[in-house]
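Results of the structural survey
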Amino acid sequence: MGLVLLSPPIITLFLLLSILSSIIVDAGVPIPTTLDGPFKPVTIPLDKSFRGNAVDLPDTDPLVQRYVEGFQPEQISLSLSTSHNSVWISWITGEFQIGDNIEPLDPETVGSIVQYGRFGRSINRQAVGYSLVYSQLYPFEGLQNYTSGIIHHVRLTGLRANTLYQYQCGDPSLSAMSDVHYFRTMPVSGPKSYPSRIAVVGDLGLTYNTTSTVNHMTSNHPDLILLVGDASYANMYLTNGTGSDCYSCSFSNTPIHETYQPRWDYWGRYMQPLISSVPIMVIEGNHEIESQAKNKTFVAYSSRFAFPSEESGSSSTFYYSFNAGGIHFIMLGAYISYDKSGDQYKWLEKDLASLDREVTPWLVATWHAPWYSTYKAHYREAECMRVEMEELLYKYGVDIVFNGHVHAYERSNRVYNYTLDPCGPVYITVGDGGNREKMAITHADEPGNCPEPSTTPDSFMGGFCAFNFISGPAAGKFCWDQQPDYSAFRESSFGHGILEVKNETHALWIWHRNQDYYGNTGDEIYIVRQPDKCPVKPEGVPCAN
């Protein structure tokens, strides 16, 4: 399914509705800005009547079925390279195999070709990429192994900015080409040039909640999607297809944490109508670890998505950067070394030092596990990463940080090192995409909910850095005894967010709850940059109030 093209009368109607909606907003209560803050902490009471439908779509659902034949492409997706003139097209041909006796397909038997051209003209250009097959193998009797179809990644180059293109992918020599799909390139990088809407979502999964989130997100017509970790939740299943809302609770005696890899294929099929036309940029989450034989991890994640790693100077799929108009995005890995002596940190230093904020005024960072979350779930779990990297991000003036992992919504005041700071980033947790593990509800600052410090470190990365606070209102304690002053707004609901950067200083952030009507907002604020007050500094010294 490609992009739906609207007739001129319908386009005119949409424009009129857009103008009317802006008038209505202007006539109502003005949208607050971060300059009005810091805000007193707000907690929206839990709506016990709405818990959503956190039940996975079954493999019999029409939305996850394989409808192509032979080597025709499926699971088509689009992702960005580092700048407007290049994109990646990805897809899968051939069927996966799961069982005891599997024989991987030969990637050399099918070409990786994209034919494309500007919309309204002929499809007269062609690009050739590469292909691969990955396997998920278990060295234990009774567990079923998996091998994927052939995964193709093709990079298109030499594209015009903010231009609609049409494309087909596949292998024309086998008469195995996709239908025609469409995408629009990002605007050129500059201080007055931005994509209209960027959707931000985390911990998506493939439940009936997920379908609500994606339908709602699609209705907001994003130009770009950021998925801040945890996509398919294939690791909530045994290899025989038996699933659970709590893997460790239900399958505590398994010799290895199994996964049911077909859930990745279901997820790719479900998402294709959206992400074959709207680029999606993904960073790894803990549900992508997926351990297998020979201590391999993250194989499905690293194989199924295309990343602009090489283009952005990274040697890893776990961290990379790219531009979308006047925004520079840094995608960081919370499940790979983030130590100051490690490759990721050195890459980050180099990437940040190379930025020209006159060209890309906005600097947005994402990774999976949040540093500033007040929920009991995963409380201070990523503290070691914060200790290593926070000063560097502050020094270079990161404006907004997006995280997932905690299945709820939270927005911070501007903060640095747990202290309110007008030059610190705004941290936004959007791990509320709708997965089967359900919502996070309890807060660490509520009586009896503060976790034992020894239980908080991330089990994959190890290390312990979360000690009692040494100053401030929580001095001598591991948790605050009230909602911390850096937490501006929190609510346990499923949803997604939309970022609309208006100019070099103002960006509108809107959080949409699944249970609301499409025109409603759960949280809304203008995030305002102050480059005069908070210049990028050669040293990480606090800025003046």
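Fair warning: this is a prediction, and the values are worked out from it, not measured in the lab.

1. Structural notes on the overall build of the chain
Of the regular secondary structure elements, the chain holds 7 helices and 28 strands. Over its C-alpha atoms the chain spans a radius of gyration of 23 Å, differing by no more than 12% from the 24 Å that the globule rule assigns to 545 residues. Burial statistics for the chain: of 545 residues in total, 57% are counted as buried. Across the chain, contacts joining residues at least 24 apart in sequence account for 71% of those joining residues at least 6 apart. Per element, the accessible surface of the chain, about 22,200 Å² overall, is 53% carbon and sulfur. Both charge centroids of the chain, one from 36 positive and one from 57 negative side chains, sit 6 Å from each other.

2. A word on the nonpolar core
Soluble globular proteins tend to pack their nonpolar side chains together in the buried interior. In terms of nonpolar packing, the biggest core is built from 127 residues, with Ile 89, Leu 156, Phe 322, Phe 402 and Trp 509 touching the most fellow members. No other element matches helix α4 (residues 262–275), which puts 7 residues into this core. In this structure Phe 322 touches Leu 80, Ser 81, Thr 82, Leu 224, Leu 226, Met 281, Pro 308, Ile 327, His 328, Phe 329 and Met 331, once residues within four positions along its chain are discounted.

3. Let's talk about the packing of helix α2 (residues 208–219) against α4
Between α2 and α4, whose axes approach to 11 Å, the crossing angle comes to 10 degrees. As far as their axial angle goes, α4 and α2 are roughly parallel. Residues Thr 210, Thr 211, Val 214, Asn 215, Met 217 and Thr 218 of α2 form the contact with α4, whose participating residues are Tyr 270, Met 271 and Leu 274.

4. With respect to the sheet that holds strand β2 (residues 74–80)
Sheet strands associate in pairs through backbone hydrogen bonding, adopting either a parallel or an antiparallel arrangement. Across the sheet, which stays open at both edges, the 4 strands sit in the order β2-β3-β10-β7 with antiparallel pairing between neighbours. The sheet is open, and its two borders are formed by β2 and β7 (130–132), each paired with just one other strand. Neighbour-to-neighbour, the strand axes of this sheet turn through a mean angle of 20 degrees, independent of strand direction. In terms of strand pairing, β7 meets strand β10 (residues 150–156) through 3 bridges, oriented antiparallel. Residue pairing across strands places Leu 132 opposite Ile 151, the latter belonging to β10. Set on the sheet, α4 makes contact with β2 and β3 (87–93); between it and β2 the angle comes to about 60 degrees.

5. Description of the sheet that holds strand β9 (residues 145–147)
The strand order across the open sheet formed by 3 strands is β4-β9-β8, and the pairing between neighbours is antiparallel. Looking at the sheet topology across the chains shown, the edges are occupied by β4 (97–99) and β8 (135–136).

6. Concerning the packing of aromatic side chains
Following the criterion strictly, the structure yields 37 aromatic pairs and no others. The interplanar angle of 85 degrees and the centroid separation of 6.4 Å between the aromatic rings of Trp 88 and Tyr 130 together place this pair among those described as edge-to-face. With a gap of 42 residues between them, Trp 88 in strand β3 and Tyr 130 in strand β7 connect regions that are remote in the sequence. Judged by relative accessible area, Trp 88 falls into the buried class, the value being 11%. Ring geometry for Phe 119 and Tyr 182: centres 5.7 Å apart, planes at 75 degrees, overall edge-to-face. Taken as a pair, Phe 119 in the loop between β5 (113–118) and β6 (125–128) and Tyr 182 in strand β13 (residues 181–184) lie far apart in primary sequence, 63 residues in all. Put simply, the rings of Trp 264, Trp 267, Phe 298, Tyr 301, Phe 305, Phe 307, Phe 318, Tyr 320, Phe 322, Phe 329, Tyr 335 and Phe 460 touch in pairs and so form one group of aromatic residues. Here Arg 380 stacks its cationic end above the ring of Phe 469, 4.3 Å away from the centre of that ring. We note Arg 529 situated over the ring of Trp 362; from NZ or CZ to the ring centre the distance is 5.7 Å.

7. Some points on the UniProt feature "domain: Calcineurin-like phosphoesterase" (unreviewed entry) in the chain
In the numbering used here, UniProt assigns the "domain: Calcineurin-like phosphoesterase" (unreviewed entry) feature to residues 197–409. Helix makes up 28% of residues 197–409 and strand 15%, and the two end C-alpha atoms of the span are 19 Å apart.

8. Digging into the side chain of Glu 383
Mapped onto the fold, Glu 383 is located in helix α7 (residues 383–395). Beyond its immediate stretch of four places on either side in the chain, Glu 383 contacts Tyr 418, Cys 465 and Ala 466.

9. Structural notes on the pairing of strand β18 (residues 327–331)
With respect to burial, β18 is a largely interior element, 5 of its 5 residues being buried. The side-chain alternation of β18 yields two buried faces, one formed by Ile 327, Phe 329 and Met 331 and the other by His 328 and Ile 330. In this sheet, β18 lies alongside strand β17 (residues 320–324) in antiparallel orientation, the contact comprising 5 bridges. Each residue of the ladder has a partner; that of Asn 323, found in β18, is His 328. Adjacent in sequence and paired antiparallel, β17 and β18 are bridged by 2 residues, among which Gly 325 carries a positive phi angle near 60 degrees. Alignment of β18 against strand β19 (residues 362–366), held across 5 bridges, turns out to be parallel. When the sheet's bridge partners are listed, Ile 327 is paired in β19 with Trp 362. Following the chain from β18 across helix α6 (residues 343–353) to the adjacent parallel β19, one finds a crossover that is right-handed.

10. A few points about unusual backbone geometry
Residues Gly 37 and Pro 38 are joined by a peptide bond in cis, for which omega reads 5 degrees. Examined against the element boundaries, Pro 38 turns out to sit in the loop between α1 (8–27) and β1 (42–43). You will see that Phe 298, though not glycine, has its phi angle at about 60 degrees, which is positive. Structurally, Phe 298 can be placed in the loop between β16 (280–282) and α5 (299–304). Positive phi, normally seen in glycine, also occurs at Tyr 418, with a value near 65 degrees.

11. Quick notes on the packing of α6 against α7
Where α6 meets α7, the closest approach of the two axes is 11 Å, and the angle between their N-to-C directions is 5 degrees. As judged from the angle between their axes, α6 and α7 are roughly parallel. Where α6 abuts α7, its residues Gln 344, Tyr 345, Leu 348, Glu 349 and Leu 352 lie against Glu 388, Met 389, Leu 392 and Leu 393. The residue makeup of the contact of α6 with α7, split by class, is 6 nonpolar, 1 polar and 2 charged.

Thresholds, definitions, all that
- Residues numbered from 1 in each chain as written.
- Predicted model: local features only at pLDDT ≥ 70, side-chain atom pairs only at ≥ 80, totals over all residues.
- Heavy atoms only, no water.
- Helix = DSSP H or I, 4+ residues; strand = E, 2+ residues; numbered from the N terminus.
- Rg over C-alpha atoms; globule rule 2.2 N^0.38 Å.
- Buried < 20%, exposed > 50% of the residue type's maximum accessible area, 1.4 Å probe, protein only.
- Contact = heavy atoms within 4.5 Å.
- Areas by Shrake-Rupley, 256 points an atom, 1.4 Å probe, with all protein chains shown as cover.
- Lys, Arg positive; Asp, Glu negative; His and termini not counted.
- Charge placed at Lys NZ, Arg CZ, Asp CG, Glu CD.
- Core = buried A, V, L, I, M, F, W, Y, C linked by side-chain atoms within 4.5 Å.
- Axes fitted to C-alpha atoms, helices over the stretch in contact; angles between N-to-C directions.
- Parallel < 35°, antiparallel > 145°, perpendicular 65-115°, else oblique.
- Pairing = 2+ DSSP bridges.
- Phe/Tyr/Trp six-rings, centres within 6.5 Å; stacked < 30°, edge-to-face > 60°.
- Lys NZ or Arg CZ within 6 Å of the ring centre and 35° of its normal.
- UniProt positions renumbered as here; feature names shortened; annotations may be inferred.
- Right-handed = clockwise from strand over helix to strand, strands pointing away.
- Nonpolar A, V, L, I, M, F, W, Y, C, P; charged D, E, K, R; others polar.

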